[in-house]
Amino acid sequence: MGSTQPTFTNPATTSLLELVKARRTHYALTGESPISDDAIEHIVQSAVLHVPSSYNTQTSRVVLLLKEEHRKVWDIAIAAMEGLVAAGAVPKEMFETSTKPKLNAFRAAYGTVLFFVDYDSLAAIKEKFAIYADKFNPFALESNAMSQYLVWTALQSEGLGANLQHYSPLIDEQVQKQWNLPASWKLDAQLVFGTPSAAPGEKAFAPLEDRFKVFGK
Ligand SMILES: Cc1cc2nc3c(=O)[nH]c(=O)nc-3n(C[C@H](O)[C@H](O)[C@H](O)COP(=O)(O)O)c2cc1C
């Protein structure tokens, strides 16, 4: 797929693109890590520090949960879903056969990275650049997604596997309470990670020619 691989001046470029290709969604994860917690923390901190944001607004907020703290977030999600079942909003059968096993599989992993956006911190810049005011929230989310992608790819590079989840707003209140987080931190995504215990599923690719054009080559 794609054009023949060119020679890059920096071998790290080839490595980077190999890592991009190797990153996949892994759902079968065990509760072990091949790397230290310090190494995981360093990856996450690097994303927080070095991923760009519009006007360098630095709107992403990130919480790294390991082992028993990680399991708490999935206990929160299970309890919230059980609440929906009790209220008749989710069929019990579906919860028992599909949702609960899925949530328990997340719980069985090693850690979860919670990605938040602090939209409130944009108040001043929205006032300063009023004509772009409606752009700042989407930009903040885009920057957050870049952090998610970097952490996902770097964890995979270190032998971990991950999957990206979205249980907001269902779990927001309990998450904020459990870890005493500022109310302005709005949860966007949860990246679940652990040691892969199975290969990722097959992935289909739409033709590159339908999705990419080059001019002036
Ligand atoms: C913005 C975004 C949101 C996603 N949300 C979810 C999600 O809520 N649950 C989930 O299981 N996977 C989610 N995924 C994973 C995608 O389904 C997955 O990346 C895609 O099928 C391609 O597979 P790959 O990750 O193995 O390359 C999301 C991915 C992206 C980029």
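Up top you'll find the structure we're talking about.
Residues numbered from 1 in each chain as written. Predicted model: local features only at pLDDT ≥ 70, side-chain atom pairs only at ≥ 80, totals over all residues.

Quick look at the overall build of the protein
1) Next: Scanning the protein from terminus to terminus reveals seven helices and five strands.
2) Next: N-terminal to C-terminal, the α/β element order of the protein is α-β-α-β-α-α-β-α-α-β-α-β.
3) Next: With the C-alpha coordinates of the protein rotated into their principal frame, the extents come out at 60 × 50 × 40 Å.
4) Next: A separation threshold of at least 6 residues defines the contact pool for the protein, and within that pool the share at least 24 residues apart is 82%. (Helix = DSSP H or I, 4+ residues; strand = E, 2+ residues; numbered from the N terminus. Contact = placed C-beta atoms within 7 Å.)

So, unusual backbone geometry
1) Next: Cis rather than trans, the peptide bond between Ser168 and Pro169 has omega equal to 5°.
2) Next: If you trace the backbone, Pro169 turns up in the loop between strand S4 (161-165) and helix H7 (172-178).
3) Next: For Tyr55, which is not glycine, the phi dihedral falls at a positive 55°.
4) Next: By secondary structure assignment, the location of Tyr55 is in the loop between helix H2 (37-50) and strand S2 (60-66).
5) Next: One non-glycine residue, Asn180, adopts positive backbone phi at about 50°.
6) Next: Along the chain, the position of Asn180 falls in the loop between H7 and strand S5 (185-196).

A short note on helix H6 (residues 136-157)
1) Next: Taking 1.5 Å per residue as the helical rise, H6 with its 22 residues ought to reach 32 Å, and the 32 Å between its terminal C-alpha atoms agrees with that figure.
2) Next: Taken as a whole, H6 has its buried residues at Phe136, Ala140, Asn144, Ser147, Gln148, Val151, Trp152, Ala154, Leu155 and Gln156.
3) Next: Where H6 ends, the next residue or the one after it, Gly159, has phi of about 90°, a positive value. (Expected span 1.5 Å × (residues − 1). Buried ≥ 20, exposed ≤ 12 C-beta atoms within 10 Å, placed from the backbone.)

Examining the site of the ligand
1) Next: As a structural note, the neighbourhood of the ligand is formed by Arg24, Thr25, Asn163, Leu164, Gln165, His166, Pro200 and Lys203.
2) Next: Grouping the constituent residues of the shell around the ligand by class yields two nonpolar, four polar and two charged. (Near = placed C-beta within 6 Å. Nonpolar A, V, L, I, M, F, W, Y, C, P; charged D, E, K, R; others polar.)

A short note on the nonpolar core
1) Next: In terms of nonpolar packing, the biggest core is built from 36 residues, with Val151, Leu155, Leu191 and Phe193 touching the most fellow members.
2) Next: Every element with two or more residues in this core is listed here: H2, helix H3 (67-86), helix H4 (92-107), strand S3 (111-118), H6 and S5.
3) Next: Excluding anything up to four places from it in sequence, Leu191 contacts Thr112, Val113, Phe115, Gln148, Val151, Trp152, Ala162 and Leu164. (Core = buried A, V, L, I, M, F, W, Y, C linked by C-beta atoms within 7 Å.)

Focus on the packing of H3 against H4
1) Next: It is the contact of H3 with H4, at a shortest axis distance of 9 Å, that shows an interaxial angle of 170°. One finds that H3 runs roughly antiparallel with respect to H4. Residues Arg71, Trp74, Ala77, Ile78, Met81 and Val85 of H3 form the contact with H4, whose own contacting residues are Lys92, Phe95, Thr99, Lys100, Leu103, Phe106 and Arg107.
2) Next: The residue inventory of the contact of H3 with H4, partitioned by class, reads eight nonpolar, one polar and four charged. (Axes fitted to C-alpha atoms, helices over the stretch in contact; angles between N-to-C directions. Parallel < 35°, antiparallel > 145°, perpendicular 65-115°, else oblique.)

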